[in-house]
Structures are given as C-alpha cells and as structure tokens.
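# Structural characterization, general
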Amino acid sequence: MEEEEKSNGSVNNRDGLSAIVVGGSLGGLFVGNILKSLGWKVSIYERSPNELKHRGGGIVLQPDVVDLMRNVGIDLSTSELGVISRNRTIYTPDGSTKYDQYAPQMQTSWNFIFNKLRKNFGDEDYHQGTAFASVKKYGNAIVAEFDNGEKKQATILLGADGTLSTVRKIVEPEYKPDYAGYVAWRGLVPENEMPEAAKKLIGDFSFADDKGSQILGYLVPGKNNDLRPGQRDYNWVWYRPIDEENELQDMMTNIKGKKYQYSIPPGQLTKKWHQRLLDDAEILLPPNFRALVRTTEQPFAQAILDSYSQRMVYGNILLVGDAAFTPRPHTAASTAKAAGDALVLGQLLKESKDRKSLTRAFAIWEDNRLEVGRQLYEHGIRLGSSLMLG
C-alpha cells in the first residue's frame, strides 16, 4: 500500500459512508449488498471482462447464505432454493454400498446465488472488466486506482478478490497461498443426459473413497434455476493428487497454450489431461461415477489452496471471504464463511457513523472472523489429510 498522503479539499469524503469492493464474485456481492442495505454508497469492481454467471458448480447451501440474502431484501421461497438430497451414501471402488444413511440436505448452484445477488445489487455501481491496481490513504479516507486510470475515493476498501487477492498482496506483500498437493476435478452433467449406470446416484449425496481419491456428487438446479426432475444438473467433484513441480502447470495450460495459475475453466482442458482423467476414472472409480465422468463434456479443475490470515483489518482496508482465509472445500463452508463475514460486519456497522465507532466495529469484527477462519482452516486441513492418505 502506498504511503498516506495528507488530505486536501478534493479528496474529503462529503457524501457519507462509502465503500469500494474489489471483487465481483460471491464474496464481493455478499458484502456489497449488505453495506448497500445499510445505506452505504457501494461500488464493486470486478477485473474479469466476462460474465461470471457460468463459472461455478454446485454448493451445499448453508444457513448464513440464506440469512444474508433475506437480510438484503431478496425474496426467497424455500421451494426455489435448491435440490434436497435424501441419503448420504458411500460406495466402494467395486460399486457396492459401504454406507447409507438418511441425512436430508439442500444443494444449490453457484449460478443461482450469484444471479440473485447480482440482480439485487444492480448495474449502476457494478463495474465489469476493471482491475484494481493500488490504493492510497488520504486522512480518514482512501483512494483506489484501477488499471484504466480511474480513481475512486471511499471510506473503506474491502478486498473480496479471492485466494489470489491483489488487495492482500498490497497490504501483505509476502503473501502467497500454499498448494495442498491435490486438485478438484469438477463437472456438470444434465440430469436427462446421465448414463444408465449413474442414475442410481440421483436423489442422494453420494461419495466414493479410495486412497488418494474421493469423488462426491449431488443434484443442483439446472439452467435458469430449473428444479423439475429431468431438468436439473448433476454436480460432481473428484479430489486427486497432482504433483506441483512436474504436473500442475502443464495441467493448467489450456488448449491454446495459455497458462492459468491455479484453475482451468470448462472447455480449456487439453486432450492429454482429459484422457488422464478418463484413464484414472477407469482404475479408481465405481461404475456409477465412472460413467458420469465419461459423460462430462467439459470437465474443469481447481487446485486446492490453503490461505491463512493473522489479520483481516488494515486501517480502513478489510479482507473478506477467501482473500482472508480459504477453507478447503471438504468443509463445504467457503461460501458460507464469506456470507458470515458480511453478515457480522453488517450487524456491527448498523450504528457506526464516525471514525471512532467504525474502528471499534472493525476490531470486534476482526476478532470474531479470525477465530471462525482459523477453525475452518484447521478443520479443512485435517479432512484433506485424512482424505489423501485414505
């Protein structure tokens, strides 16, 4: 972060409380909608020029996410939130059932949550294709600068730009997430295109475990949040070790030679790595999941990263969601944690009107969310270690 400059008349905040949110995905929309509901002037900046609505897969729906959406005035009926699975079922590699217990749970799609939040926030203050570059302090305010030369002043700046956060790199220059040693292969298959061998998975939250391998899957809403049987999607996630030094960057290089750092989007996987996925499925997966992976037209992959924070508040710059802590996906809590970050912040800022009360609210918020983040971080590592070691 650049050094603080003295305030002059042109940068004083005269328009009340305002916030710049860096990152326009779920974490940014959670906190952006919360602050906007409190009467703050909020501007969200998303660096990607492309629509984000098709980037996600399935999400286990947690109460914090529902609470946040209802808090900001999004009208939700329980029937439209997602798909309820009946049982938790674990299959052995030969396809026999190892465990089966009634445990109803709701799953939804990343797209559903994103679209609801994006529509609620509106278009006027959501800036697509604008990358954050730097920030300066001016007295009690900050001024952010973006790659297109735009400058924006606000009371606070929130880094909601994910595990590879640019904001965090500015406030913590030595920051670098740790690769956990394995990736999550992912895919979505329309329910009406599921092969016969995979149809027994419909309706349950299913798993298949082996040493160095775990695949799981469940139904999520289909296109346009369609919840009708036959019109939904089946979401699967398969955890597999990938060597960082010899394999990861090759895997993250797409069909045109473009290199991604830690994730490769749908449709970008090379033939070599798609075949590797299919070959591993033949060896490690039971027939139901094996058939599902074979049917997936555009699998994609995300490296599993660990990110831990000692701080979340740097004066009037805050880190939220994965920019602060990245829980491993086995916790099913990354999205919920980002929603919780926003909910608790909103509760504490309701009565905060001046610098002193804001500072006090930020300190209380940081103590609360650091503890939550640490617990999820440690829990995720325990789960991941157990998983990869069988």
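Just above sits the structure.
Read on for a plain summary of the structure. Quick caveat, the model's predicted, so the values are computed rather than measured. (Residues numbered from 1 in each chain as written. Predicted model: local features only at pLDDT ≥ 70, side-chain atom pairs only at ≥ 80, totals over all residues. Heavy atoms only, no water.)

### A word on the sheet that holds strand S13 (residues 213-220)
Quick reminder of the rule: Pairing between strands requires that DSSP locate at least two bridges from one strand to the other. Here a strand is any run of E in DSSP of at least two residues, a helix any run of H or I of at least four, and the numbering for each starts at the N terminus. Any two residues whose heavy atoms approach within 4.5 Å are treated as being in contact. Only the stretch in contact is used when fitting a helix axis, every axis being a line fitted to C-alpha atoms; angles between N-to-C directions are given from 0 to 180 degrees.
Spatially, nine strands are ordered S3-S5-S4-S12-S13-S14-S11-S16-S15 in an open sheet, and the strand pairing comes out mixed. Both outer strands of the open sheet, strand S3 (58-60) and strand S15 (263-264), are each paired with one neighbouring strand and no more. Examined bridge by bridge, strand S11 (residues 178-190) and strand S14 (residues 233-241) share nine bridges and lie antiparallel to one another. In the sheet register, Pro190 faces S14, and the bridge partner there is Asp233. Contacts between helix H3 (residues 110-121) and the sheet are confined to S3 and strand S5 (97-109), with S5 contributing the most and set at about 20° to the helix.

### Considering the pairing of strand S12 (residues 205-210)
Examined bridge by bridge, strand S4 (residues 83-91) and S12 share four bridges and lie parallel to one another. Within the sheet, the bridge partner assigned to Tyr91 lies in S12 and is Ala208. Strand direction decides the pairing type here: S12 and S13, joined by five bridges, are antiparallel. Directly across from Asp209, in S13, lies its bridge partner Gln214. Joining the antiparallel neighbours S12 and S13 is a turn of two residues, in which Gly212 adopts a positive phi near 70°.

### Side note on the nonpolar core
Filter applied, for reference: Residues belong to one nonpolar core when they are buried, are Ala, Val, Leu, Ile, Met, Phe, Trp, Tyr or Cys, and are joined through side-chain atoms within 4.5 Å. A 1.4 Å probe rolled over the protein chains alone gives each residue an accessible area, and that area as a share of the maximum for its type sets the label: buried under 20%, exposed over 50%, partly exposed in between.
Ranked by internal contacts, the top residues of the largest apolar core, which has 67 residues, are Phe30, Ile113, Leu157 and Leu158. When residues in this core are grouped by element, the largest group, seven residues, is from helix H8 (residues 334-349). Dropping the residues within four chain positions of it, Leu157 is found in contact with Ile20, Val22, Phe132, Val135, Ile142, Ala144, Val167, Asn316, Ile317 and Leu318. The next biggest cluster of nonpolar side chains, apart from the first, holds 34 residues, and it includes Ile215, Trp273, Phe289 and Ala303.

### Considering H3
Definition in use: What a helix should span is 1.5 Å times the count of its residues minus one.
In this model H3 runs 17 Å from its N-terminal to its C-terminal C-alpha over 12 residues, within 8% of the 16 Å that 1.5 Å per residue would give. The first or second residue beyond H3 is Gly122, which carries a positive phi of 90°.

### Structural notes on the sheet that holds strand S18 (residues 317-319)
Pairing is mixed across the open sheet formed by six strands, whose spatial order is S6-S2-S1-S10-S18-S17. The sheet terminates laterally at strand S6 (126-128) and strand S17 (313-314), the two strands that pair on one side only.

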